[in-house]
Amino acid sequence: MDDRITAAAFRRAFQEADDLAPLVLPDGEVVSSSDADIAPLRDALRSAAWIRTVEPGASGVGQTLSVWPSDGVQVNFFLGWGAPIEFDFDLRELVDDEAVDSLIHLLRLVSSVVSKDVIIRPEGQNNARPVLHIDATTGGTSLSPRS
């Protein structure tokens, strides 16, 4: 496990699988999350010092909660759309180590609040091995290149 992940290492981890340009909106998931996790997560994100917006879902079922853990880095949480809790962000916004640190800080908070692991996979590859894993027990992060 590595507590400090650089922007360069983060980007490389998403690009190593093939010669094609990576898809830019990785898929994040709170592992084994349920509807019971939504309220505590929403409360924690709303009370954090980050800028955020809430938009109702088109069908009225769920909502999208957007959080900016640092300038230029937007993370969109899809709450109430069904389990597990999912989120995405734009790889192009992770321009430096500070941006990656802010993303990981946010995801550690999410993991801590719901006491569940958080993983990120390449966009649209739900069966792929996670590229980033945050362990709810330790708060540790691990980064694995795609394969």
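Provided above is the structure to which this section pertains.
The paragraphs below set out a description of the structure included in this document.

Reading guide: rules and limits
- Residues numbered from 1 in each chain as written.
- Predicted model: local features only at pLDDT ≥ 70, side-chain atom pairs only at ≥ 80, totals over all residues.
- Heavy atoms only, no water.
- Buried < 20%, exposed > 50% of the residue type's maximum accessible area, 1.4 Å probe, protein only.
- Helix = DSSP H or I, 4+ residues; strand = E, 2+ residues; numbered from the N terminus.
- Arc of directions from axis to C-beta.
- Pairing = 2+ DSSP bridges.
- Core = buried A, V, L, I, M, F, W, Y, C linked by side-chain atoms within 4.5 Å.
- Contact = heavy atoms within 4.5 Å.
- Lys, Arg positive; Asp, Glu negative; His and termini not counted.
- Salt bridge = Lys/Arg side-chain N within 4 Å of Asp/Glu carboxyl O.
- Polar contact = N/O pair within 3.5 Å; in protein donor to acceptor, adjacent residues only side chain to side chain.
- Axes fitted to C-alpha atoms, helices over the stretch in contact; angles between N-to-C directions.

Things to note about helix H1 (residues 7-15)
Next up, step 1: For H1, the set of buried residues is Ala-7, Phe-10, Ala-13 and Phe-14. Summarising the axial view, the buried residues of H1 lie within an arc of 130°, below the 170-degree limit, and thus occupy one face.

As for the pairing of strand S1 (residues 27-30)
Next up, step 1: In S1, alternate side chains face the same way, and those of Gly-28 and Val-30 are buried while those of Asp-27 and Glu-29 on the opposite face are not.
Next up, step 2: Sheet topology places S1 next to strand S5 (residues 85-89); 4 bridges connect them, and they run antiparallel. The partner of Asp-27 across the bridge, within S5, is Asp-88.
Next up, step 3: Relative to strand S6 (residues 118-121), S1 runs antiparallel, the two being bridged by 4 bridges. Each residue of the ladder has a partner; that of Gly-28, found in S6, is Ile-120.

Re the nonpolar core
Next up, step 1: Core analysis: the largest hydrophobic core is formed by 35 residues, its most contacted members being Phe-10, Leu-45, Phe-77, Phe-89 and Leu-94.
Next up, step 2: Contributions of two or more residues to this core are made by H1, helix H2 (38-47), strand S3 (63-70), strand S4 (73-79), S5, helix H3 (97-114), S6 and strand S7 (132-134).
Next up, step 3: No other element matches the 8 residues that H3 contributes to this core.
Next up, step 4: Setting aside residues up to four positions removed in sequence, Phe-77 forms contacts with Leu-41, Leu-45, Gln-63, Thr-64, Leu-65, Val-67, Glu-86, Phe-87, Leu-106 and Val-110.

Quick word on the side chain of Asp-135
Next up, step 1: Among the structural elements, Asp-135 can be located in the loop between S7 and strand S8 (141-143).
Next up, step 2: Despite its burial, Asp-135 pairs with no opposite charge; the closest candidate is Arg-108, at 9.9 Å N-O.
Next up, step 3: Within the structure, the side chain of Asp-135 is placed 2.9 Å from the backbone nitrogen of Thr-138, a separation counted as a polar contact.
Next up, step 4: Residues contacting Asp-135, with those up to four places away along its chain left out, are Ser-111, Asp-117 and Gly-140.

Digging into the side chain of Asp-37
Next up, step 1: Along the chain, Asp-37 falls in the loop between S1 and H2.
Next up, step 2: There is a polar contact of 2.8 Å between the side chain of Asp-37 and the backbone nitrogen of Ser-34.
Next up, step 3: Excluding anything up to four places from it in sequence, Asp-37 contacts Ser-32, Ile-85, Val-114 and Lys-116.

Concerning the sheet that holds S8
Next up, step 1: Spatially, S2-S3-S4-S5-S1-S6-S7-S8 is the arrangement adopted by the 8 strands of the open sheet, whose pairing is antiparallel. Strands with a single pairing partner mark the edges of an open sheet, and in this sheet they are strand S2 (51-56) and S8. Averaged over all pairs of adjacent strands, the angle between their axes in this sheet comes to 20°, without regard to strand direction.

Brief notes about the pattern of salt bridges
Next up, step 1: Applying the stated criterion across every chain, the model contains 4 salt bridges.
Next up, step 2: With a shortest N-O distance of 2.7 Å, Asp-90 and Arg-92 are connected by a salt bridge.

Quick look at H2
Every α-helix winds through 3.6 residues per turn, so residues three or four apart in the chain are directed the same way.
Next up, step 1: Inspection of H2 places Ile-38, Leu-41, Ala-44 and Leu-45 among the buried residues, and these make up the whole buried set. Along the axis of H2, the buried residues cluster in a sector spanning 135°; they form a single face.
Next up, step 2: Its buried side turned inward, H2 meets S2, S3, S4, S5 and H3.

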